[in-house]
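# Observations on the model geometry
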2 protein chains.
Amino acid sequence: MNMLGIDVGATTIKVSVCSAPDILLTDFSLPTRAHEGPDAVLDQIHEGISQGLALCDTSPLGIGLGMPGTIDHHAGTVSWPPNLPGWGVRPLLRLLEDRWKLPVRIENDANCAALGEARFGAGRGHPSFLGVTLGTGIGAGIIVDGHIFHGTLGFAGELGHLSIDGEGALCKCGGQGCVEAYLGIEPFLRHARDTIGREGGGMLSSLVATTPEALTPKRIAEAARQGDPQSIGLFAWYARHLAMALASAINLLDLPVIILGGGIAGAGAPLFAPLQSELPQRVLAAHRDRIRVLPAERGNQAGMLGAASLFF
Amino acid sequence: MNMLGIDVGATTIKVSVCSAPDILLTDFSLPTRAHEGPDAVLDQIHEGISQGLALCDTSPLGIGLGMPGTIDHHAGTVSWPPNLPGWGVRPLLRLLEDRWKLPVRIENDANCAALGEARFGAGRGHPSFLGVTLGTGIGAGIIVDGHIFHGTLGFAGELGHLSIDGEGALCKCGGQGCVEAYLGIEPFLRHARDTIGREGGGMLSSLVATTPEALTPKRIAEAARQGDPQSIGLFAWYARHLAMALASAINLLDLPVIILGGGIAGAGAPLFAPLQSELPQRVLAAHRDRIRVLPAERGNQAGMLGAASLFF
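Below you will find a few notes about this structure. (Residues numbered from 1 in each chain as written. Chains lettered and ligands numbered in written order. Predicted model: local features only at pLDDT ≥ 70, side-chain atom pairs only at ≥ 80, totals over all residues. Heavy atoms only, no water.)

## A short note on the overall build of chain A
Counted only if it meets this: Helix and strand labels come from DSSP, where a helix needs a run of H or I of at least four residues and a strand needs a run of E of at least two; each type is numbered from the N terminus. Partly exposed describes any residue whose relative accessible area lies between the buried limit of under 20% and the exposed limit of over 50%, with all areas from a 1.4 Å probe on protein chains only and scaled to the type maximum. What makes two residues a contact is simply this: any of their non-hydrogen atoms within 4.5 Å. Here the open area of atoms and residues is found with the Shrake-Rupley method and a 1.4 Å probe, where only the protein chains shown may cover a residue. Charged-residue counts in this description rest on Lys and Arg as positive and Asp and Glu as negative, His and the chain ends being excluded. Just so you know, the charge point we use is NZ for Lys, CZ for Arg, CG for Asp and CD for Glu.
What chain A contains, in helices and strands, is 11 helices and 13 strands. Projecting the C-alpha coordinates of chain A onto the three principal axes gives extents of approximately 60 × 50 × 35 Å. Split into buried and exposed, the 312 residues of chain A put 57% on the buried side. Long-range pairs, those at least 24 residues apart, make up 61% of the contacts in chain A between residues at least 6 apart in sequence. Carbon and sulfur atoms provide 54% of the accessible area of chain A, an area that totals close to 12,200 Å². In chain A, which carries 22 positive and 29 negative side-chain charges, the distance between the mean positions of the two groups comes to 2 Å.

Structure (structure tokens):
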């Protein structure tokens, strides 16, 4: 039995044709055309479904969609996706079911990425874990016994808005000291530019002095892997702050397996090594020997694979 | 159909005979005799069951126990309950099933208290909530769709070890800035004595100057209700720090209903009023209008009622 899994991102729509338990039969992508407005995006979603159905080798069980924005699981609406201008509130579930006469399931994109790792990636063998995405912001999907933990309305997993300093700086969300206000790409790069500019002498000093906007997490990670102490220190700083939030989440949820994906997780050892030494020190003794911090395995395929998994 | 629900505390064993959905038929208590060692405690548990079974008006469905310590749900063991000296690790499930030839379920006492509120108290009408106990320490039971959320091994709900300052003071658990290190009874009273001693002039100043060990949360709450600005300020401080931890938990779990029990929650308005104004400011906009902070309704009956509810 086949399932379509579709990940609607700001620039591309990724489409997968899968079958259980973890077989990706084929995949392709289309441009999202977000700048042409929501009707164009909807046309592209329909086009992706049409092409995907033509590639199924059996009658498809359903269509799973990973969407940005707020999903109302009862009403079937998707509201205000931040990267799809003009979208507003749309009854996406009904629009797709009416057109394609197939079951449709819609899920938050961070949850889909975690589910994709659960069924197709680093989560195999770990029924329950926290699937964390380190990117522009910090999000997470909570996977319990192979399924997404939703909370009351489906908003669970906002790890980025777990506070690591209740007296800390105001976050855009209104809270204080949210970990995303330290470790989102923008605040992390601001901290990195300040540190490099103030200390000088490292591999990235001249870059920061001449073209500070060219500094990226990837460049810091490369320098760290080449042994630049300043860049190693920057990822140790990142890991330390991430450990503060993860320790709280592990203590509250009793989920000691963490799977890290997203652009910043691509840094590899400079991030994982300090995190693996810092995190066990901050959790309750019951968890200390059970902590596992694993890199995500499916990269930017995880979303579309998780969307297909909504029908597994 | 009847169920026995038993709450094993440090000083008393509380026994209830219940029937679904929320009927307490009768209850009584026995001394725990913890100082006489674990065999005496076990005898008292058996005695409570014997007396409870004699009070059932139908054949009992099972025996539920709320226990302190670490519960291994697979092995049926209870390990190292902090207030039952010498207990070690005991196969309590098997011991009780062998003796009484009835189904037995054992659950952490904080989880039982939350479940008792869910079925018999403030949680009725709220399928999902965080049931928080503010006492010597700070614990919580996470209730989702009427059931306890366990996490991987049953340790979920350790709200007291959610950090509100990742650079803060070392907690006994090894973490830094755990909310329990601020709001457990001992650290709260230390803060209160320091503040009153330093500022002077309030209703409790002479008490603190002469017999500082006589200061209790209850006395501070009484003074606050009588309008003492210093005592009002102390509970505002408590509420502000509690809000830091609760906001993180709400953002992560999407559970905007909080039920507060335990000794310190008995303070009432001096605690609830500042908490209800502080908490909505710290959570994501999606939760702001959905926050409910409710007092627990079943007091120290909640544990035995929740234990009986393990069979509902």
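## Here we look at helix α2 (residues 92–100) of chain A
Residues and elements named next belong to chain A. Heads up, the rule is: Directions drawn from the helix axis to the C-beta atoms are what define this arc.
Of the positions making up α2, those classed as buried are L92, L96 and W100. Along the axis of α2, the buried positions cluster into a sector of 35°, meaning they face one direction only. For α2, the elements touching its buried residues are α1 (38–55), β4 (60–67), β6 (77–79), β7 (89–90) and β8 (104–108).

## Let's talk about the interface of chain B and chain A
Bring the parts together and some accessible area is lost; that lost area is often taken as the interface size. Defined as follows: Buried area adds together the accessible area that both of two parts lose upon being put together, with accessible area traced by a 1.4 Å probe. Just to be clear on terms, a salt bridge is a Lys or Arg side-chain nitrogen sitting within 4 Å of an Asp or Glu carboxyl oxygen. Residue classes follow a fixed rule: Ala, Val, Leu, Ile, Met, Phe, Trp, Tyr, Cys and Pro count as nonpolar, while Asp, Glu, Lys and Arg count as charged, and any other residue, Gly among them, counts as polar.
Each side of the interface is counted separately: chain B has 44 residues, and chain A has 44 residues. Interface area for chain B against chain A, summed over the two sides, is near 3,300 Å², with a carbon-plus-sulfur share of 56%. Put simply, chain B and chain A have 2 salt bridges between them. A salt bridge links R240 of chain B to E167 of chain A, with the nearest nitrogen and oxygen atoms 2.5 Å apart. Elements that contribute at least two residues to the side of chain B that touches chain A include exactly β10 (138–144), α8 (229–253), α9 (269–282) and α10 (285–288) of chain B. With 8 residues, α8 of chain B is the single largest residue contributor to the side of chain B that touches chain A. A per-class count over the side of chain B that touches chain A returns 19 nonpolar, 17 polar and 8 charged.

## What to know about the side chain of N2 of chain B
Residues and elements named next belong to chain B. Just so we agree on the cut-off: Polar contact is defined as a pair of N or O atoms within 3.5 Å, subject to the rule that within protein one atom must be able to donate a hydrogen and the other to accept it, and that residues adjacent in sequence are counted only when both atoms are side-chain atoms.
Take N2: it is sitting in strand β1 (residues 2–8). A residue is classified by how much of its surface remains accessible, and N2, at 2% relative accessible area, is buried. For N2, the side chain forms a polar contact with the main-chain nitrogen of D57, separated by 2.7 Å. With residues near it in sequence (within four places) discarded, N2 still touches V17, C18, S19, L25, C56, D57, T58, S59, P60, L61 and G62.

## With respect to the sheet that holds strand β2 (residues 12–19) of chain B
Residues and elements named next belong to chain B. Quick reminder of the rule: Pairing between strands requires that DSSP locate at least two bridges from one strand to the other. Think of each axis as a best-fit line through the C-alpha atoms, taken over the contacting stretch in the case of a helix, with angles from 0 to 180 degrees between the N-to-C directions.
Taken together, 5 strands build an open sheet; the order of strands is β3-β2-β1-β4-β8 and the sheet is mixed. Because the sheet does not close on itself, it has two edges, and the strands there are β3 (23–31) and β8 (104–108). Pairs of neighbouring strands in the sheet enclose a mean axial angle of 20°, with direction left out of account. Two strands pair when backbone bridges link them, and β2 and β3 are joined in this way by 8 bridges, in the antiparallel orientation. Bridging across to β3, S19 finds its partner in I23. The sheet contacts of helix α1 (residues 38–55) involve β1, β2, β3 and β4 (60–67), and relative to β3 the element is tilted by about 150°. Helix α11 (residues 302–309) rests against β1, β2, β3 and β4 of the sheet, and its axis sits at about 135° to β1.

## Here we look at the sheet that holds strand β5 (residues 70–72) of chain A
Residue and element names in this part refer to chain A. Strands sit in the order β5-β6-β7 across an open sheet of 3 strands; the sheet is antiparallel. Of all strands in the sheet, those with a lone pairing partner are β5 and β7, marking the two edges. Relative to β6, β5 runs antiparallel, the two sharing 3 bridges. Counterpart to D72 in the pairing with β6 is T77.

## So, the relation of the copies chain B and chain A
Think of it as a corkscrew move, a rotation about one axis and a shift along it, taking one chain copy to the other. To keep things clear, this is the line we draw: All copies are superposed by least squares; the fitting set is the C-alpha atoms of residues with a pLDDT of at least 70 in both.
Superposing chain B onto chain A requires a rotation of 180° together with a translation of 0.0 Å along the rotation axis, leaving an RMSD of 0.0 Å. Considering both components of the superposition, the chain copies are consistent with a two-fold axis. The C-alpha atom lying nearest the rotation axis in chain B is that of D165 of chain B; the distance is 2.2 Å. Interface overlap between copies: 100% of the residues of chain B at the interface are likewise at the interface in chain A, consistent with a symmetric, same-surface contact.

## Describing the pattern of salt bridges
In this structure the tally under the stated criterion is 18 salt bridges over all chains. Taking the shortest distance from any N to any O, the salt bridge between E36 of chain B and R33 of chain B comes out at 3.0 Å. D98 of chain B serves as the salt-bridge partner of R94 of chain B, at 3.6 Å between the closest nitrogen and oxygen. Taken together, the residues R94 of chain B and D98 of chain B, both in helix α2 (residues 92–100) and 4 residues apart, mark about one turn of the helix. We classify D98 of chain B as partly exposed; its relative accessible area is 43%. When salt bridges with common partners are traced through the structure, they connect E167 of chain A together with R240, E278 and R282 of chain B into a single cluster.

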